Amino acid sequence: MGSITGLLLFFPVFLVASVLIKLTSRGPVFFRQERVGKGGRTFKIYKFRTMTVKNDESEHREFMKQFIKGQSEGITDDTTGIKVFKLTNDTRVTKIGKFLRKTSLDEVPQFINVLLGDMSLVGPRPPIPYEVAEYDLWHCRRVLETKPGITGYWQVEGRSTTNFDGMVRMDLQYIAMQSLLLDLKVIVKTPLVLFTAKGAY
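Residues numbered from 1 in each chain as written. Predicted model: local features only at pLDDT ≥ 70, side-chain atom pairs only at ≥ 80, totals over all residues. Heavy atoms only, no water.

S.K.: Please set out the overall build of the chain residue by residue, giving values where relevant.
M.R.: Summing up its helical and strand segments, the chain has 10 helices and six strands in all. Taken across its 201 residues, the chain has 47% of its residues classed as buried. In the chain, the share of contacts with a sequence separation of at least 24, taken over all contacts with a separation of at least 6, comes to 71%. (Helix = DSSP H or I, 4+ residues; strand = E, 2+ residues; numbered from the N terminus. Buried < 20%, exposed > 50% of the residue type's maximum accessible area, 1.4 Å probe, protein only. Contact = heavy atoms within 4.5 Å.)

S.K.: Mind laying out the pairing of strand β2 (residues 42–48), listing which residues take part and the relevant values?
M.R.: Residues in a regular strand point their side chains to alternate faces of the sheet. Pairing analysis gives seven bridges linking strand β1 (residues 30–36) to β2, with the strands arranged antiparallel. Each bridged residue has a counterpart across the sheet, and for Val36 the counterpart in β2 is Thr42. Count of turn residues in the β1/β2 antiparallel hairpin: five residues, of which Gly39 carries a positive phi of about 75°. (Pairing = 2+ DSSP bridges.)

S.K.: So what's going on with the packing of helix α1 (residues 2–9) against helix α2 (residues 11–24)? Residues and values would help.
M.R.: In contact at an axis separation of 4 Å, α1 and α2 are set at 50° when each is read in the N-to-C sense. The angle between the axes of α1 and α2 places the two elements in the oblique class. Taken together, the residues of α2 that come into contact with α1 (itself represented by Leu7, Leu8 and Leu9) are Phe11, Pro12 and Phe14. (Axes fitted to C-alpha atoms, helices over the stretch in contact; angles between N-to-C directions. Parallel < 35°, antiparallel > 145°, perpendicular 65-115°, else oblique.)

S.K.: Can you explain the nonpolar core? Please cite residues and give values.
M.R.: The biggest cluster of nonpolar side chains holds 22 residues, and the ones touching the most others in it are Tyr135, Phe164 and Tyr174. Within the residue set of this core, elements represented by two or more residues are α3 (58–68), α8 (153–157), α9 (164–177) and α10 (180–196). Of all the elements, α9 adds the most residues to this core, at seven residues. Contact partners of Tyr135, with chain neighbours within four places excluded, come to Ile68, Pro127, Cys140, Arg142, Val143 and Phe164. (Core = buried A, V, L, I, M, F, W, Y, C linked by side-chain atoms within 4.5 Å.)

S.K.: Give me the side chain of His139: which residues, what numbers.
M.R.: Residue placement: His139 occurs in the loop between α6 (129–132) and α7 (141–144). Among the residues examined, His139 registers a relative accessible area of 0% and is labelled buried. A polar atom in the side chain of His139 sits 3.0 Å from the backbone nitrogen of Asp136. His139 has contacts with Ile68, Phe164, Asp165 and Val168, leaving out every residue within four places of it along the chain. (Polar contact = N/O pair within 3.5 Å; in protein donor to acceptor, adjacent residues only side chain to side chain.)

S.K.: Tell me about the environment of Gly152, residues and numbers included.
M.R.: Tracing the backbone shows Gly152 in the loop between β6 (149–151) and α8. Given the relative accessible area of 0%, Gly152 is considered buried. When the C-alpha positions of Gly152 and Val186 are compared, they lie 6.4 Å apart, and in sequence the two are 34 residues distant. Discounting residues that sit within four places of it in the chain, Gly152 has contacts with Val122, Gly123 and Val186.

S.K.: Explain the pattern of salt bridges residue by residue, including any values.
M.R.: Tallied over the entire structure, the rule returns eight salt bridges. When the shortest N-O distance is used, the salt bridge between Asp118 and Arg41 registers 3.1 Å. Here the residue Asp118 occupies a position in the loop between α5 (111–116) and β5 (120–122), and Arg41 occupies one in the loop between β1 and β2, the gap between them amounting to 77 residues. Across the pair Glu107 and Arg125 runs a salt bridge, and its minimum N-O distance is 2.9 Å. (Salt bridge = Lys/Arg side-chain N within 4 Å of Asp/Glu carboxyl O.)

Honestly, it's all geometry; don't read function into it.
Written out as structure tokens, the structure reads:
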């Protein structure tokens, strides 16, 4: 029900984003990537394509390795002075892709994943397999014990301003407190985070 409602509500976003993506860069509208879900089962996630078709993932892979191991010191944003833990100034990202990422609208197609049963509306973000390969044992709980979500406790409370261990602790806190009421609170708070682009870089 939630995924169908989301697809109907965001139908205009699908139309506008699809046109802008096709007009500004070569390649498909949607991007599919293998991710790790509940119990370690992999699935294909759907997103709006925000990058050029031909790109090298080695920079992102190395950044995530350092981030997960706690060796990334973060980058201080020049305008806000806030330290963020995210790969910034990624040359692979298109102009429309930057906007979609900043507003998290690139995640809208994941309502399809919810409809297919791979994801939930609320839960930890699903990692890429090469990220999971770098996890410590206690990190693995975030992908073993519950379905990944489009939005989640970390997204509305920390987002890119939280280091990896902090993100995992938020995910585990959500898993321990998981309830319909908490999910509704996260869903209600998500639009505010999106419209203010809080923690997005």
